[in-house]
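# Structural overview
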Amino acid sequence: MLLEELAYDLPEALISAYPAADRVSARLMVVERATGTITHSTFASLGEFLWPGDLLVLNDSRVIPARLEGRKESGGRAEVLLVEPFDLEQGLWLALVDASKKPRVGGRIEFSMGVAATVLGDLGAGRYGLRFEPPGRFREVLDQLGTAPLPHYIQRVRGVEESDRDSYQTVYAATPGSVAAPTAGLHFTRELLDELAAGGVDSVYVTLHVGLGTFRPVREAVVENHRMDGEWYTLTAAAAERIRRARAAGRRVVAVGSTTTRTLESIVRRKGRVVADSGITRLFITGGYRFGGIDALITNFHLPRSTPLAMVAALAGLDLVRRAYAEAIDKGYRFYSYGDAMLIL
């Protein structure tokens, strides 16, 4: 697949800066692969397109307040984005640091609430190894010290707001570790999950901690030459058994989001079927991929030339996805993390 096949022009006004006032009031585009039919609805009506016996698989990773504002010893501003912990007990983290001048190795970044970080190493591309001190204090106050790590394309006059702590988090988030939300799940409410369950649509959870690699731009002219960063996932034995039972009975496994899809597909590729597993996935799903873990997908509208868009095109077919995106733009759908949703059947 060529990178330019994943390109499209999006009016800036369609990049959603805020979520829908009510999560389930987001619009829902339903795309049927077999017929090429496109239907327009709302997320509150998701149950109309699912069958009794369908199994929703959702990513329960919880977004940490990963964006921190600090000052270097010189007094200059330093914005820190936590990326991955190395050793929580020792306060060791991989982080991106944005400052007018590069922080020096051995230097310190001061934060509020009695927290500081020593720069242990420059890893290139704005990435640094940091040791937060004191580590116990840092873990204790991170929720108050940090803010929601909203993506760069969400542009607002007031920046990150207190409401983002809740709105940039799924209602079922449980396991802290993501530096970006698994956004397809943002549309669910507890009430909708209960309503679906009452109609025979069950739910089960995986965990994949979303890293920056999910949003790293594809720069290779041939998409398949792109290399994904690793992301940690886990699937419990109980959850794996429920997914296997559903598939054995001919029921559909409906993945909620690209992260859930990559978790299940990674396990199938490694183990041959869905079983309990944990590890690092670098799976990049693109054209020609044969899906073995999912039957349908709930997802958002993704950035052009992005890895999630490549995955959606691999599932639904490039021509159908291009037509669906053109129709979404024509009808004023909201795009990206706080935007509307698509169901691919």
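Anything mentioned here points back to the structure above.
Residues numbered from 1 in each chain as written. Predicted model: local features only at pLDDT ≥ 70, side-chain atom pairs only at ≥ 80, totals over all residues. Heavy atoms only, no water.

On to the sheet that holds strand β9 (residues 116-124). The strand order around the closed barrel built from 6 strands is β5-β6-β7-β10-β9-β8, with neighbouring strands paired in antiparallel fashion. Along the sheet, successive strands turn relative to each other by an average axial angle of 45°, direction set aside. Where β9 and strand β10 (residues 127-133) come together, 7 bridges link them in antiparallel fashion. Bridge pairing links Thr118 to Arg131 in β10. (Pairing = 2+ DSSP bridges. Helix = DSSP H or I, 4+ residues; strand = E, 2+ residues; numbered from the N terminus. Axes fitted to C-alpha atoms, helices over the stretch in contact; angles between N-to-C directions.)

The residue Val254 is located in strand β14 (residues 253-256) in this model. Since its relative accessible area comes to 0%, Val254 is described here as buried. Note: C-alpha distance between Val254 and Phe284 (30 residues apart in sequence) is 19 Å. The contact partners of Val254, leaving out residues within four places of it in the chain, are Leu50, Asp54, Leu55, Leu56, Val57, Ala296, Leu297, Ile298 and Leu343. (Buried < 20%, exposed > 50% of the residue type's maximum accessible area, 1.4 Å probe, protein only. Contact = heavy atoms within 4.5 Å.)

Okay, the sheet that holds strand β12 (residues 202-208) next. One open sheet accounts for 9 strands, arranged β2-β1-β17-β16-β14-β3-β12-β13-β15; its pairing is mixed. In this open sheet, the two edge strands, each paired with only one partner strand, are β2 (38-42) and β15 (277-281). With direction set aside, neighbouring strand axes in the sheet form an average angle of 25°. Across 5 bridges, the pairing between strand β1 (residues 27-31) and β2 is antiparallel. By the bridge assignment, Val30 is partnered in β2 with Thr39.

A separate point is the packing of aromatic side chains. Two aromatic rings are characterised by how far apart their centres lie and by the angle between their planes. A complete count under the given rule lists 14 aromatic pairs for this structure. Ring centres of Phe43 and Phe188 lie 5.0 Å apart, and the angle between their planes is 90°; on these two criteria the pair is classed as edge-to-face. Here Phe43 is found in the loop between β2 and β3 (55-59), whereas its partner Phe188 is found in the loop between β11 (175-178) and α3 (190-198), with 145 residues between them in sequence. Judged by relative accessible area, Phe188 falls into the buried class, the value being 0%. Centre to centre, the rings of Tyr172 and Tyr205 are 5.4 Å apart; their planes meet at 50°, and the pair counts as tilted. Of this pair, Tyr172 sits in the loop between α2 (164-167) and β11 while Tyr205 sits in strand β12, and the two are 33 residues apart along the sequence. Residue classification places Tyr172 among the buried positions, given a relative accessible area of 5%. For Tyr205, a relative accessible area of 28% translates into the label partly exposed. Three or more aromatic residues joined by ring pairs make a cluster, and in this case those are Tyr8, Tyr153, Phe301, Tyr325, Tyr333, Phe335 and Tyr336. One residue, Arg27, lies across the ring of Tyr333, its end atom 4.0 Å from the ring centre. (Phe/Tyr/Trp six-rings, centres within 6.5 Å; stacked < 30°, edge-to-face > 60°. Lys NZ or Arg CZ within 6 Å of the ring centre and 35° of its normal.)

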